[in-house]
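Architecture at a glance
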Amino acid sequence: MGTRWKGKGSEAKAHAEPMSKIVSELQSYLVKSEAHALLAGCSALFAVETEKVDLLNRACFGRPVVTAEKDKQWFQLGMEEAFYLCHSLKCLSIIGEDNSLKTDEELWLYMKAKRETFPVFYKAYSHLRKKNWVLKSGSQYGADFVAYRHHPSLVHSEFAVLVLSEGDNRRLRVWSDFHCTVRLCGSVAKTLLILSINKNGQGTGTPSCLEQFFVEERTITRWSPEQCREDQSIVENGIK
């Protein structure tokens, strides 16, 4: 579908302040402030000083939670976001519901217990986030994630992402599944991106298994006869 920027100057603004730079600034701030989050069910909550709220918003992590506090803003992180900041960027500590500081391994087991598919979803999330794509929930489009080239205020999401793993027979089992999914993506101007996660025979007992996982990227679009048809005038000129 291509990149669809929102408004005049959005593309220039995105190029002037790449997402990699913003995330690096956030990482530095969280490390210096010794930030920590509190586990709460399938999410994590953490507070940010008011003057740094804009930085977190620009980095596109979590969503703000309305509270009565004036000097701090609370944010709610999804499981993939929390583990990415903790494990991959190493800039956030996580405190469990028992008030103990969680190691990466303990946090991994906690999140696996909350959602069986967490290991493959996290691999997909981190795979794209490390490439500086911004990911949000894709539930409203029948997908696992939607992927933005930059901040959602500057650009429309470009991909609807489905995460599949070996032995996953729930989705895209028959041609009609593909057809319906691709048509839905096309109707909202998104390209379907399928991330197939190959575990290479690895178990998922510890986060170290992620190093052995392999991600295969495939985009699927509708075939357009008009776009693929030869130009008749060129054919006729060639014959002449």
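Below or above, wherever it landed, is the structure these notes cover. Predicted, not measured: the structure shown is a model, and the values here were computed from it.

Conventions we followed
Residues numbered from 1 in each chain as written. Predicted model: local features only at pLDDT ≥ 70, side-chain atom pairs only at ≥ 80, totals over all residues. Heavy atoms only, no water. Axes fitted to C-alpha atoms, helices over the stretch in contact; angles between N-to-C directions. Helix = DSSP H or I, 4+ residues; strand = E, 2+ residues; numbered from the N terminus. Parallel < 35°, antiparallel > 145°, perpendicular 65-115°, else oblique. Left-handed = near helix turned anticlockwise from the far one by under 90°. Contact = heavy atoms within 4.5 Å. Phe/Tyr/Trp six-rings, centres within 6.5 Å; stacked < 30°, edge-to-face > 60°. Buried < 20%, exposed > 50% of the residue type's maximum accessible area, 1.4 Å probe, protein only. Lys NZ or Arg CZ within 6 Å of the ring centre and 35° of its normal. Salt bridge = Lys/Arg side-chain N within 4 Å of Asp/Glu carboxyl O. Pairing = 2+ DSSP bridges.

Section: the packing of helix α4 (residues 79–88) against helix α6 (residues 118–129)
At a minimum axis separation of 10 Å, α4 and α6 run at an interaxial angle of 65 degrees. Considering their axes alone, α4 and α6 lie roughly perpendicular with respect to each other. Of the two elements, α4 crosses α6, and the hand of that crossing is right-handed. Packed against α4, whose contacting residues are Met 79, Glu 80, Glu 81, Phe 83, Tyr 84, His 87 and Ser 88, the element α6 presents Phe 118, Phe 121, Tyr 122, Tyr 125, Ser 126 and Arg 129 at the interface.

A few points about the packing of aromatic side chains
One pass over the structure, following the stated rule, counts ten aromatic pairs. Taking the centre distance of 5.6 Å and the plane angle of 70 degrees together, the rings of Trp 108 and Phe 118 count as edge-to-face. Pair noted here: Trp 108 is in helix α5 (residues 104–114) and Phe 118 is in helix α6, with a separation of ten residues, a long-range link. Among the residues examined, Trp 108 registers a relative accessible area of 0% and is labelled buried. Classification of Phe 118 by relative accessible area gives buried; the value is 0%. Put simply, the rings of Phe 61, Tyr 84, Phe 121, Tyr 125 and Phe 145 pair up and form one aromatic cluster. A cation over an aromatic ring shows up here: Arg 115 above the ring of Phe 121, its NZ or CZ 5.2 Å from the ring centre.

Digging into the pattern of salt bridges
Oppositely charged side chains can pair when the atoms bearing their charge come close. Summed over the entire model, instances satisfying the criterion amount to seven salt bridges. Residues Arg 58 and Asp 54 are paired through a salt bridge, measuring 3.0 Å at the closest nitrogen-oxygen approach. Of this pair, Arg 58 and Asp 54 are both found in helix α3 (residues 53–59), four residues apart, which corresponds to roughly one turn of the helix. Judged by relative accessible area, which is 45%, Asp 54 ranks as partly exposed. Put simply, Lys 102 and Asp 98 hold a salt bridge, and the shortest N to O gap is 3.7 Å. Via salt bridges that share partners, Glu 17, Glu 25, Asp 54 and Arg 58 belong to a single interconnected network.

Structural notes on the sheet that holds strand β4 (residues 72–78)
Read across the open sheet, the five strands follow the order β3-β4-β2-β1-β5; overall the sheet is mixed. If you trace the sheet from one side to the other, it starts and ends with β3 (63–65) and β5 (93–95), each paired once. Going from strand to strand, the sheet's axes swing by 35 degrees on average, the running direction of each strand aside. As paired strands, strand β2 (residues 43–49) and β4 are joined by seven bridges and run antiparallel to one another. Bridge pairing links Ala 47 to Trp 74 in β4. Across the sheet, α4 touches β2, β4 and β5, and the angle it forms with β4 is around 105 degrees.

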